[in-house]
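Results of the structural survey
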Amino acid sequence: MGIITTGHDVADARLHKITAALHHRGLSVELWGLGEAGGGPVGAVVHAGPRGNLVQRMARTAVLPWRTKAKVVMTVDPDMIPVTRLVTSLRRRKMVADVHEDYDLLLADRAWARGPAGLPARLIVRAGSKLAAGADLTVVADSHLAPHEAKRRLVVQNLPYVPFLAPTPPWGQPRAVYIGDLRASRGLFDMVETVAAAPDWSLDLVGPVAPSDCDQLQARIEQSDLAGRVRLHGRQPPADAWRLTQGAWAGLAMLQPTPAFVEAMPSKIYEYLASGLPVLSTRLPRQTRVIEESGGGVLVDSVAEASEILQRWSADPGELEKLRDHALQWAADHLPATTPYDELADAILNLLRGSA
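Quick summary incoming for the structure in this document. (Residues numbered from 1 in each chain as written. Predicted model: local features only at pLDDT ≥ 70, side-chain atom pairs only at ≥ 80, totals over all residues. Heavy atoms only, no water.)

**Side note on the environment of E36**
To keep things clear, this is the line we draw: Segments assigned H or I by DSSP are reported as helices when at least four residues long, segments assigned E as strands when at least two residues long, and all are numbered from the N terminus. We call two residues in contact when some of their heavy atoms are within 4.5 Å.
As for its placement among the helices and strands, E36 is situated in the loop between β2 (30–34) and β3 (45–49). When the C-alpha atoms of E36 and H47 are compared, they prove to be 8.5 Å apart, with 11 residues separating the residues in sequence. Those residues in contact with E36 that sit more than four places away from it in its chain are V10 and A48.

As structure tokens, this is what we get:
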């Protein structure tokens, strides 16, 4: 099995989950991506390199599908779908297209992609979506994502992969965590200001920071009211990332209501609940439904309200213990023992059998 990407780090959690499920089916995996090879999935043959500029990415997009010798090739980037379809067709290999985000809406959240300058990116995304429907297997991370009709379509939600999690009771001083990409629209500065106004608390941020937000973030967390209370851990392989949550008191999810996020359901919500981490979340529709149903967190409408909740929790840890119990119980009742990644691995195994 070959997984190729010019836009994702080999430490990406979804890549690790997919690879682990494939290994459990006895399949070997070759992964081509970005970052450091040591951050790639255990057991995979990992080829990793620097991100580079746009021209370098385009060159890799054209070349990478030719480099893998795998009988089934998966791509997780919309811009790689056209060349990958061509190469797999010519070589009589099977292709899997993984569409795990609404890329059209995601571009609306990127300043560089608006207006005439972003037109090529928007055209590539739309063409990639149409071509994804013709892959031997089209994987979407949520039922609302396009393409809605395909040769074979499989929904593989970003649910927790339990072996990566490291649930423990809280200990020490009050500490919140966030795991995922970090940028303003994902609530980066709202989380920082929430902790700034709750002086008993500290915050661990695990994930890559958007380059456009790095300088502002660094300057803010070095100010006297936050010095030493916000820790940046960068991107980590998922098992390492979740080990950093051990002993934490709460998980934060303060995404903004951008077009890309209004209908999204962040996997971290499920992972927080399965880890017994009470969730402090903004009131986006799907997050709201899960948190209200589980009773494992609190919804907020502002930074001021969020900081008040943190201060209430540190003053009354008993409330946190009740939320923790609700989170763990809901996860036990609602999160399946067989994950969507196992279903994906079975589907890929069937493709391999068909190509033998």
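**Some remarks on empty space enclosed by the protein**
The method is simple in principle: a probe with the dimensions of a water molecule rolls over the atoms, and the space it marks as empty is what remains. Quick reminder of the rule: A pocket, in this scheme, is an open set of points on a 1 Å grid over the protein atoms alone with protein on both sides within 12 Å along at least 5 of 7 lines, while a cavity is a set where a 1.4 Å probe fits but cannot get out; residues line either one if an atom lies within 4 Å of a point. Grid points are joined across faces, edges and corners, and a volume is the space filled by probe spheres set on the points.
Here the structure, examined in full by the defined rule, presents 2 cavities of 30 Å³ or more. Approximately 50 Å³ is the volume found for the largest cavity. Forming the walls of the largest cavity are T168, P170, A248, W249, S275, G276, L277, P278, L320 and R324. Roughly 30 Å³ of internal volume is contained in the second largest cavity.

**Regarding the layout of surface pockets**
Rules: Classes in brief: Ala, Val, Leu, Ile, Met, Phe, Trp, Tyr, Cys and Pro nonpolar; Asp, Glu, Lys and Arg charged; the others, Gly included, polar.
In this structure, the second largest pocket spans a volume of roughly 220 Å³. Around the second largest pocket, the lining is made up of 15 residues, and of these H16, P41, V42, F164 and A239 lie nearest the centre. Those elements that place two or more of their residues in the lining of the second largest pocket are α1 (13–24) and α8 (238–243). Taken together, the residues of the lining of the second largest pocket sort by class into 8 nonpolar, 6 polar and 1 charged.

**Points about the pairing of strand β1 (residues 2–9)**
Applicable threshold: Note on classification: 1.4 Å probe, protein chains only; a residue is buried when its accessible area is under 20% of the maximum for its type, exposed when over 50%, partly exposed between these limits. Handedness of a crossover: with both strands directed away from the viewer, a clockwise path from the first strand across the helix to the second marks it as right-handed. Each pair of strands is called paired provided DSSP finds at least two bridges between the two strands.
Judged by how many residues are buried, β1 sits mostly within the fold: 8 of 8 residues are covered. Once the chain exits β1 it traverses α1 before rejoining the sheet at β2, and the crossover so formed is right-handed. Here 3 bridges tie β1 to strand β4 (residues 72–75), and the two strands are oriented parallel to one another. Each bridged residue has a counterpart across the sheet, and for I4 the counterpart in β4 is T75.

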